[in-house]
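Structure assessment
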Amino acid sequence: MPTLTFLGATGTVTGSKYLVEAGGERLMVDCGLFQGDKELRLRNWNPLPVPASGIQWLLLTHAHLDHVGYIPRLIKDGFRGQILASSSTVDLAKIVLPDSGHLQEEDAEYANFKKYSKHAPALPLYTYEEAVKSLEYLRPINAAQPIEISSHFTMRTFFAGHILGARMIELTVRENDKVKKILFSGDLGRFPQLIIPEPAVPEDGFDYMLLESTYGDRLHPKEDIGQRLVGIVQHAARQGGTVVIPAFAVGRTQELLFLLRELIEANELASLPIHVDSPMAIDVTQLYEAHREDHSPVIDALEKGGVNPFSPPNLHFDKSVDESKQLNNAHYPMVIISASGMATGGRVIHHLERCLPDHRNTILFVGFQAAGTRGQAIQSGVKSVKMHGRNVSVRARVETIEGLSAHADYGEILAWLARFAKPPGKTFLVHGEPKASEALCQCIVQQLRWNATVPTYLQKVTL
Ligand SMILES: [Zn+2]
């Protein structure tokens, strides 16, 4: 009998990993890191219930670390199969996995320095070298049409509207005369989308659906993002201040560049220097430009007219450390977009340290700030925040634009589900905090009358 085991993303938005077994073959969908509090992170060190060497294929929905960040460890533990993903996801993984290896090494070094690890010495989950080596297992595929993986598995993909390369995966599982069809939503974006195609509505019926529920109990505010951005940038510019935007390198930075260009071209915002100060964000922006198969109709039309959609006037990419440092000496209104998105590390820390104490500046948050992060502290209105071992006072304006989320809220998810011609036999709510998954499950059962449930960590179901 074919089975499905939930190896992650149950009761949490991290660690996405699902194991499908049929006819003695094993396939995994997504291979994410557990992130967040210690109890979750320790799960990264637990052995999987099956040996990594016994898994033949890995399919990826998209290249966020909570979906791909465990790959180098899986390979270190013996996986020798193929990793299949869209061509954009493969290219993004080539950027984010080595970076993750580097961070794992840094964390281990820091733990040794502080002597807080239970391992002595603390070890990285994997190294930069191991992450680089793992990339050779990646195979770019175009699975808009069904691809037969083996006699037991066939896959097909649909746009998920989440980030560059993100796809939902339809997996057909065969064993003897049993045929089961599963839809893995991966992370589901909002619609309409600015720069990538919006989430598709697969037409066929499914026996099972694994549906994300990050915003299962929340709605995004209805606001005009462009007008908010104009107001915030203009205010800082009038004061002679700088707008510092901590932004994720993948997706958010490119959406901001697109919006700023649109607003400046439409004369709604006066042109001012815009700096992208993050080597990763710069590399990722080039991938967004290059992967035309992942462009929204709006982006397509702009390119056909000879316009680079991600290049507002007066744009500067600050790749080197020297270029980044020169921004410290610039005293005129400007926008600095820099990583990390939750101000937990990266170059944005230097800009915050310099800009936070001056009331003329604005710090603009455009993404979810997780509990316990520096970003969340600043957003919540603290008077000072610790950086590089000293207290930095917060006198700058602090603003948040929530509408740029890469995840659909529950209203959008329900609207998307309502477009399905036929309900799946059973829907599993995954990738959410317990309250969010439970809330969305209730909505689906009560409003759509679908059969839905919230699975638990390591639960195995017979298909
Ligand atoms: Zn994601």
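On a predicted model such as this, the values are computed, not experimentally measured, just so you know.

1. Some details on the side chain of S150
- Relative to the assigned elements, S150 resides in the loop between strand 7 (147–148) and strand 8 (153–159).
- Residue classification places S150 among the buried residues on the basis of a relative accessible area of 10%.
- Only 2.7 Å separates the side chain of S150 from the side chain of E25, close enough to count as a polar contact.

2. Brief notes about the packing of helix 13 (residues 410–418) against helix 14 (residues 434–448)
- With their axes 11 Å apart at the nearest point, helix 13 and helix 14 run at an angle of 40° to one another. Overall, the two elements helix 13 and helix 14 adopt an arrangement that is oblique. Handedness of the helix 13/helix 14 crossing: right-handed. Seen from helix 13, the contacting residues are Y410, I413, L414, L417 and A418; seen from helix 14, they are L440, C443, I444, Q447 and L448.
- Considered class by class, the residues forming the contact of helix 13 with helix 14 number nine nonpolar, one polar and no charged.

3. With respect to the coordination of the zinc ion
- Ligation of the zinc ion by protein atoms is provided by H62 (NE2), H64 (ND1), H162 (NE2) and D187 (OD), these donors lying 2.2 to 2.3 Å from the ion.
- As a motif over one chain, the donors of the zinc ion read H-x1-H-x97-H-x24-D. Of this pair, H64 sits in the loop between strand 4 (57–59) and helix 2 (65–68) while D187 sits in the loop between strand 10 (178–184) and strand 11 (208–212), and the two are 123 residues apart along the sequence.
- Note on H64: relative accessible area 23%, which makes it partly exposed.
- Using a relative accessible area of 2% as the deciding quantity, one classes D187 as buried.

4. Considering the environment of K426
- By the secondary structure assignment, K426 is in strand 20 (residues 426–430).
- Residue classification places K426 among the partly exposed residues on the basis of a relative accessible area of 28%.
- Placed 217 residues apart in sequence, K426 and M209 show a C-alpha to C-alpha distance of 6.5 Å.

5. A word on the packing of helix 7 (residues 252–265) against helix 8 (residues 279–290)
- Between helix 7 and helix 8, whose axes approach to 9 Å, the crossing angle comes to 70°. Between helix 7 and helix 8, the interaxial angle falls into the category roughly perpendicular. Along this stretch, helix 7 crosses helix 8, giving a crossing that reads as right-handed. Two secondary-structure elements touch here, helix 7 through T253, Q254 and L257 and helix 8 through A281, V284, T285 and Y288.

6. What to know about the packing of aromatic side chains
- Here the structure, examined in full by the defined rule, presents nine aromatic pairs.
- Where W57 meets F153, the ring centres are 6.0 Å apart and the plane angle is 75°; that geometry is what we call edge-to-face. One end of the pair, W57, is in strand 4; the other, F153, is in strand 8, and 96 residues separate them in sequence. Per residue, the accessibility class of W57 equals that of F153, and both read buried.
- On the basis of an interplanar angle of 75° and a centroid distance of 6.2 Å, the ring pair of F420 and W450 is categorised as edge-to-face. In this pair, F420 is assigned in the loop between helix 13 and strand 20 and W450 in the loop between helix 14 and strand 21 (452–453), connecting sequence segments 30 residues apart.
- Overall, the relative accessible area of 7% leaves F420 in the buried class.
- Relative accessible area serves as the criterion here: at 8%, W450 is assigned to the buried category.
- Grouped by ring-pair contacts, the aromatic residues F6, Y18, F184, Y208 and F428 constitute a single cluster.
- A cation over a ring is seen here: R43 above F34, with NZ or CZ 5.2 Å from the ring centre.
- The residue whose ring lies beneath R419 is F191, and the NZ or CZ to ring-centre distance is 5.8 Å.

7. Thoughts on the pattern of salt bridges
- Considering all chains together, one arrives at 21 salt bridges under this definition.
- One salt bridge in this structure joins E353 and R390, with 3.4 Å as the shortest N-O distance. Here R390 lies in strand 18 (residues 390–393) and E353 lies in helix 11 (residues 348–355), a separation of 37 residues in the sequence.
- Among the charged side chains, a network of salt bridges with common partners joins R156, E170, K181 and D204.

8. Considering the domain arrangement of the protein
- Considered domain by domain, the protein is made up of domain 1 (3–218 + 406–462) and domain 2 (225–400).
- The distance between the C-alpha centroids of domain 1 and domain 2 comes to 29 Å.
- In this assembly, 20 residues from domain 1 lie in contact with 21 residues from domain 2.
- Considering only the side of domain 1, the residues that lose the most area to domain 2 are L164, L194 and I195, jointly responsible for 40% of the buried surface there.
- If you look at where domain 1 meets domain 2, you find one salt bridge.
- D294 serves as the salt-bridge partner of R167, at 2.9 Å between the closest nitrogen and oxygen.
- At the boundary of domain 1 with domain 2, the tally comes to nine residue pairs in polar contact (both at pLDDT 80 or more).

What counts, and at which threshold
Residues numbered from 1 in each chain as written. Predicted model: local features only at pLDDT ≥ 70, side-chain atom pairs only at ≥ 80, totals over all residues. Heavy atoms only, no water. Helix = DSSP H or I, 4+ residues; strand = E, 2+ residues; numbered from the N terminus. Buried < 20%, exposed > 50% of the residue type's maximum accessible area, 1.4 Å probe, protein only. Polar contact = N/O pair within 3.5 Å; in protein donor to acceptor, adjacent residues only side chain to side chain. Axes fitted to C-alpha atoms, helices over the stretch in contact; angles between N-to-C directions. Parallel < 35°, antiparallel > 145°, perpendicular 65-115°, else oblique. Left-handed = near helix turned anticlockwise from the far one by under 90°. Contact = heavy atoms within 4.5 Å. Nonpolar A, V, L, I, M, F, W, Y, C, P; charged D, E, K, R; others polar. Donors = N, O, S within 2.8 Å, 3.2 Å for Na, K, Ca; no water. Phe/Tyr/Trp six-rings, centres within 6.5 Å; stacked < 30°, edge-to-face > 60°. Lys NZ or Arg CZ within 6 Å of the ring centre and 35° of its normal. Salt bridge = Lys/Arg side-chain N within 4 Å of Asp/Glu carboxyl O. Domains from an automatic or database assignment. Buried area = accessible area lost by both parts, 1.4 Å probe.

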